[in-house]
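Working through the structure, step by step
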Amino acid sequence: MSPSPRAAPSGLLRMRDFRLLLAGAAAGQVGAQVTLVALPLVAVLELKAPAFQVGLLTAAETAAFLLIGLPAGAWVDRMRKLSLMIRADAVRSLAMASVPLGAAAGVLTMAQLYVVALVTGVATVFFDVAHQSYLPQLLPREQLVSGNGALETVRSSAQVAGPGLGGGLVQLVGAHLAIVADAIGYALSAVFLLAIRRPENKPEPVPGASLRKEVAEGLRFVLGHPLLRVIAGTTGLGNFFTAMLMATQTIFLVRVLDLPPAAVGVMLSASAVGGLAGALCAGRLAGRFGQARVIWLSALATGPFALLWPLSGKGAAAALFAVASGVVFFGAVVYNVAQVSFRQTLCPERLLGRMNATLRFLMWGTLPLGALVGGAIADAFGARSALWVCAIGFLVVPLPLLLSPLRRMRDLPDSADPDEDAHRPATTGRDENVPVA
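The paragraphs below set out a description of the structure included in this document. (Residues numbered from 1 in each chain as written. Predicted model: local features only at pLDDT ≥ 70, side-chain atom pairs only at ≥ 80, totals over all residues. Heavy atoms only, no water.)

1. Things to note about the environment of leucine 308
We apply this condition: Every helix listed is a DSSP run of H or I at least four residues long, and every strand listed is a run of E at least two residues long, numbered separately from the N terminus. We call two residues contacting when some pair of their heavy atoms lies within 4.5 Å.
Residue placement: leucine 308 occurs in helix H14 (residues 308–311). When neighbours within four sequence positions are excluded, leucine 308 is seen to be in contact with Leu320, Phe321, Val323 and Ala324.

2. Quick word on the packing of helix H4 (residues 69–77) against helix H6 (residues 110–138)
How we decide: Lines are fitted to the C-alpha atoms to define the axes, a helix being fitted only along its stretch in contact, and any angle between axes, read from their N-to-C directions, falls within 0 to 180 degrees. Here is the rule for angles: anything less than 35 degrees is roughly parallel, anything more than 145 is roughly antiparallel, 65 through 115 is roughly perpendicular, and the remaining ranges are oblique. Crossings are assigned a handedness: left-handed for a near helix turned anticlockwise from the far helix by less than a right angle, right-handed for a clockwise turn. When residue character is reported, Ala, Val, Leu, Ile, Met, Phe, Trp, Tyr, Cys and Pro are called nonpolar, Asp, Glu, Lys and Arg charged, and the others, Gly included, polar.
Closest axis-to-axis distance for the H4/H6 pair is 10 Å, and the angle between their directions is 55 degrees. With respect to H6, the axis of H4 lies oblique. In this structure, H4 crosses over H6, and the sense of that crossing is right-handed. Residues Ala72, Gly73, Trp75 and Val76 of H4 form the contact with H6, whose participating residues are Val125, Phe126, Val129 and Ala130. Residue composition of the contact of H4 with H6, by class: seven nonpolar, one polar and no charged.

3. So, a nonpolar patch on the surface
Keep this limit in mind: Each patch is built from residues that are more than 30% exposed by relative accessible area and take part in no salt bridge. Like charges join if they lie within 9 Å; nonpolar side chains (Val, Leu, Ile, Met, Phe, Trp, Tyr) join within 5 Å. Throughout, the Shrake-Rupley method with a 1.4 Å probe supplies accessible areas, and for residues the shown protein chains are the sole cover considered. By convention in these notes, a salt bridge is any Lys or Arg side-chain nitrogen within 4 Å of a carboxyl oxygen on Asp or Glu. The buried label applies to any residue whose accessible area, calculated with a 1.4 Å probe on protein chains only, is under 20% of its type's maximum; exposed applies above 50%, and partly exposed to all values in between.
A grouping of Leu172, Val173, Leu177, Val180, Ile184 and Leu188 is seen on the molecular surface, where their side chains present a nonpolar patch of about 530 Å² in accessible area. When residues of the nonpolar patch are traced back to their parent elements, those giving at least two are helix H7 (144–173) and helix H9 (180–194). Of the residues forming the nonpolar patch, the biggest block, three residues, is contributed by H9. The topology assignment puts isoleucine 184 in helix H9. Here isoleucine 184 falls in the partly exposed class, since its relative accessible area comes to 48%.

4. Considering helix H5 (residues 81–104)
This is how the line gets drawn: Multiplying one less than the number of residues by 1.5 Å gives the expected span of a helix.
For H5, which comprises 24 residues, the first-to-last C-alpha distance of 36 Å matches the rise-based estimate of 34 Å (1.5 Å per residue) to within 8%. Backbone geometry just downstream of H5 places glycine 106 in the positive-phi region, at approximately 75 degrees.

Given below as structure tokens:
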């Protein structure tokens, strides 16, 4: 049985430590979303980088998931999660602060942007794996859907404000100075996390354990479960095409649609508006349709709207880009809340870091590849052509889900046994333990 989303966010907000976790997520995400707009604009407007170099910059931001994603989980399982997140925030803050300093000194280059993106990406790998592994220590398992939904709501709210703020800051003070907001956001996130009081014991070392064995255990857990396998494959495919979008959207909006930085920020905020709506609706949709059904329905129903990206044009037709982003990312967030909550419920606590890192490696390892492909296509054939490939890819993403046992299920199992409930047929009516709003 999937966990009930009834654990209301209002009840969770009475928990001081969870409020601080939410505040840290909001601060870090606002800054990161400013940089989502500002960092590519530094490359496009200030350093006049071609499309492939912008794609390479996007790839550098996510390369760490491919390079160190697997061992990161084993390392995280050996450490206190909260202190690791604080250190990661500090590293990200300092790395981002180096960009305006380099610009002020007149020495900023694409090489520095690549290094900053790579260092920030490494810190983000450790932060994200630790963050997803820390939440089950902070909340009871029956509250994880609501907890993840609240985090997605805060994150999506920050993502609504961040790109618009970033575009406005770029227009007012320049792209490199706008990145100061990201450095401040990560620093504030560290401050909020430092205030959390819940004690966290350092994991006990396992006799005879080695990095290779621990990584292998995480891989076996993920690849040995049929539902985790299909979720990993589907998400990896979706992230590949999402990275193509991330690598080419700034080039497309600035050089094809002729939008100013403030308008670029507004366009990128549209995806966050859709994500916020998805976060607010995810628990209700899971209750009405079932957590398993929501996973494949969200991808199937919203993917076709990606075709509006390459169909958008100058003037009023630019709104098609915003509509596509809003609808596609609505589905993405509903999908994420359902599958992340399932993973956290399914996995034993001692394996959470390795499970999350293994899935991040499989799911996010495709991001740098997609960014490189997107940048190469945009460089050779134009940004609109790259968006056509990206849009067609989003139509393919739901296929693994439709061919899996998820297609015949209503709710997700809460057992780590891959044979238990994996082929459970869908039930009729609604689950009495899951309220329908």
